[in-house]
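As a plain string of letters, each chain reads:
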Amino acid sequence: MSLNQQARAILTGNDRGGYTLPTDGLYPFQWNWDASVTALGWMCFAPARAWEEMRWLFKGQWQGGPNDGFLAHIAFHAPSDSYFPGADEWGTDGAPGTEALRTRTSSISQPPLHATMVRWMWHRAQAISPQAAAEAAEQVRGLLPGLLAHHRWWYRARDPDRSGLVLNIHPWETGMDNSPAWDVPLARVPQTTRPYTRHDLGHVDASMRPPQSFYDRVVYLMDFNRAQDFDPVKILASCPYRVQDVGIISILQRAGIDLLALCAACAWDGDVQDLHAALARTHNAVEALWSTRWNQYVSRDAITGELLDVPTSSGLLGAYAGFRHDLGPTVAAWLAETPYALPSTRSGFPGFEPLRYWRGPVWQHVNMLIADGLQRQGHAHLAQAIQACSAALFDASGFHEYYDPLTGRGLGGRAFSWAAATCLHWTDGAMKKQAGGA
Ligand code: DGY
């Protein structure tokens, strides 16, 4: 089978009728940022299914109350006992905003890249046929209220002081769970003493997953959130983990730009001045996150005000977000340092671990976002170099959750949806074009 056929087979195999599992067993529900990346992949061969993925994601959106517009990191559309922590652990049933939902959810969010993915899906539909484009326009109109509410939730619940830099209250919310950037703030979080059983180690070797001390702390934070009744005001007042993650900030910024473009294209007649103002605030405030040590953006501990001066790939998303600094020279240096780009942590940093989840491995969808930014910043050759690395990884190792940047070996979950989708949307067509043009 060609890579394209394999990638389609993975999405089809992970399809649960309306939503797609990231991979069976390890992640048996619909995940937030996975869903939008996966929808991009569906868009390449089954447009109606792609829009369905997005509609199912928004079935879990909270409505009303202090978390109006909240989109959880997991939508538990159907029960499964192969994952910890499941729906009962999060305890959100009956929380204000969930009353009308028919889907149970977790209580934290994930990087809000949805408006960008929707815009890319619409562009692809326009290239398919006038009929696909018309269907896409209707779907986008249907998604706009949910997207707008979600962006407003981020600004209202996670930046009530309008600093321009939203914060997060759980490392899983960043999507980059055990990044070494979170080591210092996470060390202050107490380790839970209550019993629980992890299931991830039954699916993936422990060398590729976070250690127990990490789990003890993320479980503590999950329980803390529940003890505050999921009230954003109470949580921000006392959560022992509050971080301004440059990954979420960059992804929200780019998605905000794309959301306003979607509103304009749909002749949306609602007032969106608040979103314009939020973008302007972030564009200025983010410069406080520039690291002169690493020549890239980094995150900040919102409790101490200290920069978390760690070179992770999330800090290379500044170009994707349209921020001021030129990231070309830094990305060029990263590309020269590992055989397979881009590691999630720069390989010379002491916290770099090539196998362990977000401490070093390559994540292909992050490569796609970074490359898109570099292309926009005028570094087409760097964007192509990243794309060529990604294509080589798919070719050599297939569709894994993440990859070893030193050997190219596939790691974590197998038959992984966002890897398949990233190949379909980004590397497959482009690489064929380049080969044909050569
Ligand atoms: C996990 O369980 O490892 C996930 O990344 C949390 O969303």
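Note: the structure precedes this text.
Residues numbered from 1 in each chain as written. Predicted model: local features only at pLDDT ≥ 70, side-chain atom pairs only at ≥ 80, totals over all residues. Heavy atoms only, no water.

**Remarks on the environment of Q110**
Part 1 of the argument: Position of Q110 among the secondary structure elements: in the loop between β3 (104-105) and α5 (114-128).
Part 2 of the argument: Judged by relative accessible area, Q110 falls into the buried class, the value being 4%.
Part 3 of the argument: When the C-alpha atoms of Q110 and L57 are compared, they prove to be 12 Å apart, with 53 residues separating the residues in sequence.
Part 4 of the argument: Apart from residues no more than four positions distant in its own chain, Q110 is found in contact with W31, N32, W33, D34, H73, W154, W172, E173 and G175. (Helix = DSSP H or I, 4+ residues; strand = E, 2+ residues; numbered from the N terminus. Buried < 20%, exposed > 50% of the residue type's maximum accessible area, 1.4 Å probe, protein only. Contact = heavy atoms within 4.5 Å.)

**Observations regarding the side chain of R49**
Part 1 of the argument: Here R49 is to be found in helix α3 (residues 47-58).
Part 2 of the argument: Sequence-distant contacts of R49, that is, excluding residues within four places in its chain, are made with D15, G18, Y19, T20 and W42.

**Comments concerning the site of the ligand**
Part 1 of the argument: Near the ligand, the surroundings consist of Y27, W31, H73, Y83, W172, D177, R209 and Y357.
Part 2 of the argument: A distance of 2.8 Å is found between an oxygen atom of the ligand and a side-chain nitrogen or oxygen belonging to R209.
Part 3 of the argument: One of the side-chain N or O atoms of Y357 is found 2.8 Å from an oxygen atom in the ligand.
Part 4 of the argument: In the complex, 95% of the free accessible area of the ligand, which totals 230 Å², lies under the protein chains.
Part 5 of the argument: Across the shell around the ligand, the residue classes break down as five nonpolar, one polar and two charged. (Near = heavy atom within 4 Å. Polar contact = N/O pair within 3.5 Å; in protein donor to acceptor, adjacent residues only side chain to side chain. Areas by Shrake-Rupley, 256 points an atom, 1.4 Å probe, with all protein chains shown as cover. Nonpolar A, V, L, I, M, F, W, Y, C, P; charged D, E, K, R; others polar.)

**Details of helix α6 (residues 130-158)**
Part 1 of the argument: Here α6 is 29 residues long and its end C-alpha atoms lie 40 Å apart, about the 42 Å a rise of 1.5 Å per residue gives.
Part 2 of the argument: Taking the largest bend as the criterion, α6 deviates by roughly 40°, centred on L143, and proline P145 comes between one and four positions later. (Expected span 1.5 Å × (residues − 1). Bend = angle between axes of the 7 residues up to and from the residue.)

**Topic: the pattern of salt bridges**
Part 1 of the argument: Counted according to the given criterion, the structure contains 22 salt bridges.
Part 2 of the argument: A salt bridge links R104 to D88; its shortest N-O distance comes to 2.7 Å. Linking R104 in strand β3 with D88 in helix α4 (residues 87-90), this pair joins segments that are 16 residues apart in sequence.
Part 3 of the argument: E353 is the partner of R359 in a salt bridge, and the nearest nitrogen-oxygen pair spans 3.0 Å. (Salt bridge = Lys/Arg side-chain N within 4 Å of Asp/Glu carboxyl O.)

**Regarding the nonpolar core**
Part 1 of the argument: One finds L342, L369 and I386 to be the most contacted residues of the largest nonpolar core, which totals 143 residues.
Part 2 of the argument: Examining the composition of this core, we find that 12 residues originate from one element, α6, more than from any other.
Part 3 of the argument: Once residues within four sequence positions are removed from consideration, I386 is found in contact with V331, L335, L342, N367, I370, A371, L374 and W426. (Core = buried A, V, L, I, M, F, W, Y, C linked by side-chain atoms within 4.5 Å.)

**Observations concerning the packing of aromatic side chains**
Part 1 of the argument: All chains considered together, the criterion is met by 30 aromatic pairs.
Part 2 of the argument: Site record: aromatic cluster; members linked through ring pairs are Y27, F29, W31, W33, F76, Y83, Y357, W358, W363, Y402, F416 and W418.
Part 3 of the argument: Over the face of the ring belonging to W56 we find K59, whose NZ or CZ atom lies 3.7 Å from the ring centre.
Part 4 of the argument: A cation over an aromatic ring shows up here: R158 above the ring of W154, its NZ or CZ 5.9 Å from the ring centre. (Phe/Tyr/Trp six-rings, centres within 6.5 Å; stacked < 30°, edge-to-face > 60°. Lys NZ or Arg CZ within 6 Å of the ring centre and 35° of its normal.)

**Points about the environment of R198**
Part 1 of the argument: Here R198 lies in the loop between α7 (183-187) and α8 (212-227).
Part 2 of the argument: Spatially, the C-alpha atoms of R198 and S82 are 9.4 Å apart, while their sequence positions differ by 116 residues.
Part 3 of the argument: Once residues lying within four places of it in the same chain are set aside, the contact partners of R198 are F84, R209, P210, P211, Q212 and Y215.
Part 4 of the argument: Within polar-contact distance, the side chain of R198 engages the backbone oxygen of P210 at 2.8 Å.
Part 5 of the argument: For R198, the side chain forms a polar contact with the side chain of Q212, separated by 3.2 Å.

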